[in-house]
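# Examining the three-dimensional arrangement
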Amino acid sequence: MAALSKHWKKIALVVVFVISLFVPVFVQNDYFLGIIILGYVWAIATYGLNILLGYTGQLSLGHAGFFGIGAYTVGVLTVNYEFPFWPSLLLAAIASSVLGFLIGIFALRTRNEYFAIFTLGVGFVIYLVIERWEGLTGGALGLIGVPYPEGIGPIQFDGPESIYYLILGFLILTIYIAWSIANSLVGRSFMAIRNSEELAAATGINVGRAKQLAFAISTGIAGLAGGLYATYIGFLGPAIVNVPTTFEILLYLLVGGMGSLSGPLVGAFLVTTLFQFLQQFEAYRLVILGPIVVILIIFFPKGLAGLWAALETRIKAMRGKGEMSGDAGASEEPAKEEAK
Amino acid sequence: MLLKTENLGITFGGLKAVNEVDFEVERGTVAAIIGPNGAGKSTFFNLMSGFHKPTTGTVTLDGENLTNLPAHKTVRSGMARTFQTTNLFMEDTVLDNLIVGHRVRTKSNFFDAIFRTPRLRREEKESRERAMEALEFAGVDRLANRTVGSISQEAQKRVSIALALATDPKILLLDEPAAGVNNEETEGLATLIRKLVEHDYTVCLVEHKMSMVMGLADKIMVLHHGEKIAEGAPKEVASNEAVIEAYLGAGEEEDA
Ligand SMILES: Nc1ncnc2c1ncn2[C@@H]1O[C@H](COP(=O)(O)OP(=O)(O)OP(=O)(O)O)[C@@H](O)[C@H]1O
Ligand SMILES: [Mg+2]
């Protein structure tokens, strides 16, 4: 049974991938294509948060700050210093990762809500520095004219279509990274920490170092997303780095489902699209979103991915009953009843 | 001696939770620590396994000084432990809970994960095999694919012991391995502990169930208000005046 559902998952994955390749063909309208591109960018940032929060169980509220470090690394280098894009993007990911690692040394001495508050402070300080350091970042006016990436061989990045493929490529890379972490002993260590720091330590996991690694990976991916954002939008203002952005990314993760592989993509994509439709209600956006978040957390703590998994189990159980032949499924199902 | 503590103690804000305890466990034996509630038994475990930093004294395992080492390093040195309350991940399968147990013996890192190196593959396989072996040893391999939340309390206790085993320990510290299970199951867990010793593991356990302790332990240490008040073979300890007094004073509520 498990093999069968794995099989379907593979097919679904291929279908989604093929559709994603043809998106620019179907979506001729630049505005809609832009929404999708941004959805991907935020999905990448959400995957970053997922590694720290979803896998390792540490709630950082400084994520937008690291997104900002990445965005402004690309912005400052390309606009002020006319540095080429590609090395700037690499530096963006490295800078935010290294900064995350260093800040992690202090931040991770705190736990739970204290860690959340500490990182909230870090994020806000990053925002303030970016907003105030006018000479470097353009302050409140921001940076204008972040260029598109230089072409690679025959590939030119000169419009939304090519940028779409660029960012799709990085999204796939990010998903691959998330997948390979989740399916490795490194990821297992992260998840052991999420479950119980005590038990993780008692099985010999260096909890401090593992958290630090998760934080550095998480901020590195945030920085990557920031750098991609900079080149696509072409303009950077400090607002995007500010605390509300962190909460938006957190919302994407909560909607999609913490700790799952599809959650960040589904959540970021759905919510950013929804945001666009709600844009005319700008002022009421939070009024509408607030209750949605509360309802989600209360009723669907595992997000859409969790809901899907629950449905899947239910369907399997129903099928099992329908057959009543008591084969493969039978070994699994009675187990759950016994427990209750 | 495999395990040895000298003068081991800790003070919590004036309270001497463990007071300068000398203790030794011989290789291939079962040592038990008993004492009334709040006597300092779990704290003593925490001191040995690096969860608390001692205020006084030393811990030595197999000749290696473990004093002041953080918990994860004591595991690397061969000290494995279980907790008084199981804190396995209830929603995950038994096997998934167990695989990480061997992590401490592996080296693959973030880059191995990203590039799916042969080392990663080998170590994943190793960890999986070691987990299955440990489950088999603990008699719960047939539950490998069940979620921890769906198996019995006794099975969870066995899984906890299997997790400790997966770290390839020299000694296992078991904190109340039979708490909250019935008499028959307690007997089964005692059998498992005997099997551990037969396979050259060394066991140190804290347990309130005297019948189990008396039948298992090669030696018993009694803690009371953080102090060692008696030590010796089960029979000696059972007839020790100070011990009887400590238990009567604390209100004897044991099943025997
Ligand atoms: N982290 C801590 N901080 C302060 N006091 C503590 C701490 N841990 C334990 N204590 C105290 O130390 C004493 C010994 O506790 P401990 O848990 O070691 O007892 P125990 O012998 O394991 O008892 P039980 O049989 O109930 O498990 C108690 O008075 C307890 O309140
Ligand atoms: Mg205790």
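The rules we used
- Residues numbered from 1 in each chain as written.
- Chains lettered and ligands numbered in written order.
- Predicted model: local features only at pLDDT ≥ 70, side-chain atom pairs only at ≥ 80, totals over all residues.
- Heavy atoms only, no water.
- Helix = DSSP H or I, 4+ residues; strand = E, 2+ residues; numbered from the N terminus.
- Buried < 20%, exposed > 50% of the residue type's maximum accessible area, 1.4 Å probe, protein only.
- Lys, Arg positive; Asp, Glu negative; His and termini not counted.
- Salt bridge = Lys/Arg side-chain N within 4 Å of Asp/Glu carboxyl O.
- Contact = heavy atoms within 4.5 Å.
- Domains from an automatic or database assignment.
- Buried area = accessible area lost by both parts, 1.4 Å probe.
- Polar contact = N/O pair within 3.5 Å; in protein donor to acceptor, adjacent residues only side chain to side chain.
- Nonpolar A, V, L, I, M, F, W, Y, C, P; charged D, E, K, R; others polar.
- Core = buried A, V, L, I, M, F, W, Y, C linked by side-chain atoms within 4.5 Å.
- Pairing = 2+ DSSP bridges.
- Axes fitted to C-alpha atoms, helices over the stretch in contact; angles between N-to-C directions.
- pLDDT = per-residue confidence, 0-100.

### Quick word on the side chain of K41 of chain B
Residue and element names in this part refer to chain B. Mapped onto the fold, K41 is located in helix α1 (residues 41–48). E176 provides the closest opposite charge to the buried, salt-bridge-free K41, at an N-O distance of 5.1 Å. With sequence-adjacent residues up to four places away left out, K41 is seen in contact with I33, I34, G35, P36, V206, H208 and L223.

### Re the domain arrangement of chain B
All names here are of chain B. You can read the domains of chain B as domain 1 (1–78 + 169–256) and domain 2 (88–168). Taken together, the contact between domain 1 and domain 2 spans 20 residues of the former and 15 residues of the latter. Taken together, the two surfaces of domain 1 and domain 2 that pack against each other cover about 1,500 Å², and 68% of this comes from carbon and sulfur. If you look at where domain 1 meets domain 2, you find 0 salt bridges. Across the contact surface, domain 1 and domain 2 share 6 residue pairs in polar contact (both at pLDDT 80 or more). Contributions of two or more residues to the side of domain 1 that touches domain 2 are made by α2 (71–76), β7 (171–175) and α7 (183–198). A per-element tally of the side of domain 1 that touches domain 2 places α7 first, with 6 residues. Split into classes, the residues belonging to the side of domain 1 that touches domain 2 amount to 11 nonpolar, 4 polar and 5 charged.

### Remarks on the nonpolar core
Among the nonpolar cores identified, the biggest contains 91 residues, and W42, I44, I167 and F190 of chain A are the most heavily contacted of them. Examining the composition of this core, we find that 16 residues originate from one element, helix α2 (residues 30–55) of chain A, more than from any other. Beyond its immediate sequence surroundings of up to four residues, W42 of chain A is in contact with F67, Y229, I240, T245, I249, Y252, A268 and T272 of chain A. Judged by nonpolar contacts, the second largest core, of 55 residues, contains L98, V140, V159 and V222 of chain B.

### Some thoughts on the sheet that holds strand β3 (residues 30–34) of chain B
Residue and element names in this part refer to chain B. The strand order across the open sheet built from 6 strands is β6-β7-β8-β3-β9-β10, with neighbouring strands paired in mixed fashion. Because the sheet does not close on itself, it has two edges, and the strands there are β6 (79–81) and β10 (227–232). Direction aside, neighbouring strands of the sheet carry axes that sit 20° apart on average. When β3 meets strand β8 (residues 202–206), the two strands line up parallel, connected through 4 bridges. Paired with A32 across the bridge in β8 is L205. Strands in contact with α1 are β3, β6, β7, β8 and β9 (219–224); relative to β7, the strand with the most contacts, it is inclined by about 150°.

### Describing the confidence of the model for chain B
Predicted confidence across chain B gives a mean pLDDT of 92, with 96% of residues reaching 70 or more. Segment residues 252–256 of chain B is flagged for pLDDT under 50; beyond a separation of four residues in sequence, or across chains, it makes 9 contacts in the model.

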